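# Secondary and tertiary structure notes
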Amino acid sequence: MANRKDKAGGNVVSEKSCQQSKGFKSQYDAKIKFLKLNMENNDQLNEDSGLKELRGSHFEIKDEQPDITDWKVKNDSDQIIGEVDELIFDPQALKVRYVVIDLEDNEWGMDARRIMVPIGLAELDDENDHVILPGVTLNQILLLPNYDKDNLTEETETAIRK
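Summary of the structure given here. Remember, it's a predicted structure, so these values are computed and weren't measured experimentally. (Residues numbered from 1 in each chain as written. Predicted model: local features only at pLDDT ≥ 70, side-chain atom pairs only at ≥ 80, totals over all residues. Heavy atoms only, no water.)

## Focus on the layout of surface pockets
Looking at the largest pocket, its volume works out to about 300 Å³. Lining the largest pocket are 15 residues, with Leu 121, Gln 140, Leu 144, Ile 160 and Lys 162 sitting closest to its centre. Mapped onto the lining of the largest pocket, the elements with two or more residues apiece are strand E8 (114–118), helix H3 (138–143) and helix H4 (154–161). Class assignment for the residues of the lining of the largest pocket results in 11 nonpolar, 2 polar and 2 charged. (1 Å grid on protein atoms, 1.4 Å probe; cavity = no way out; pocket = protein on both sides within 12 Å on 5 of 7 lines; lining within 4 Å. Points joined across faces, edges and corners; volume = space filled by probe spheres on them. Helix = DSSP H or I, 4+ residues; strand = E, 2+ residues; numbered from the N terminus. Nonpolar A, V, L, I, M, F, W, Y, C, P; charged D, E, K, R; others polar.)

## Some details on the nonpolar core
Among the nonpolar cores identified, the biggest contains 35 residues, and Ile 68 and Ile 141 are the most heavily contacted of them. Elements supplying a minimum of two residues to this core: strand E4 (59–61), strand E6 (80–90), strand E7 (95–102), E8 and strand E10 (130–133). (Core = buried A, V, L, I, M, F, W, Y, C linked by side-chain atoms within 4.5 Å. Buried < 20%, exposed > 50% of the residue type's maximum accessible area, 1.4 Å probe, protein only.)

## Section: the side chain of Thr 69
Its place among the elements puts Thr 69 in the loop between E4 and strand E5 (72–75). A polar side-chain atom of Thr 69 sits 2.9 Å from a polar atom in the side chain of Asp 67. Here Thr 69 is in contact with Arg 55, Val 84, Asp 85 and Leu 87, once residues within four sequence places are set aside. (Polar contact = N/O pair within 3.5 Å; in protein donor to acceptor, adjacent residues only side chain to side chain. Contact = heavy atoms within 4.5 Å.)

## Some details on the pairing of E6
Where burial is concerned, most of E6 is hidden: 10 out of the 11 residues are buried. Alignment of strand E3 (residues 52–53) against E6, held across 2 bridges, turns out to be antiparallel. Bridge assignment links Glu 53 to a residue of E6, and that residue is Ile 88. Where E5 meets E6, 3 bridges bridge the pair, whose relative direction is antiparallel. Bridge pairing in E6 places Lys 72 opposite Glu 83. Between E5 and the antiparallel strand that follows it, E6, lie 4 residues; Asp 78 among them carries a positive phi value of about 70°. Across 7 bridges, the pairing between E6 and E7 is antiparallel. Of the residues in E7, the one forming a bridge with Asp 90 is Lys 95. Turn length for the E6-E7 hairpin, with the two strands adjacent in sequence and antiparallel, is 4 residues, and the turn residue Leu 94 shows positive phi of about 55°. (Pairing = 2+ DSSP bridges.)

This is a description of form; function is not addressed.
As structure tokens, then:
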């Protein structure tokens, strides 16, 4: 199996964006999802608040970093849990917070649905384009609420982090 040392977690915008986005500092200590501000829409940063889906936003993955969208999601026993469908980020902090996983075609026989998992639980296997959720069990997945992009609230986050 490929080296899975990379621990996924949110991080900040690229250096180019930082120079034009007052007060943000770059951090380059992990090969994870980074966001960079689309400079055409720089004013949008101050208007955004709360969690947002990356797709369709005014943000994108930082250059030189893998885009984990559409990567297979597996447990540490190499069983397929699903596929990364979306990344959820905090536009104020410029950090990815959650991975939305489509459970269709999973190896556990679960019904097809979408769930949201904290990005800090994920490890990246970028050699094989897999996201690994070490120690995650079927029961934990079953307890997660269905993902609803219109319900990205503190209550939803609390339910997911239990």
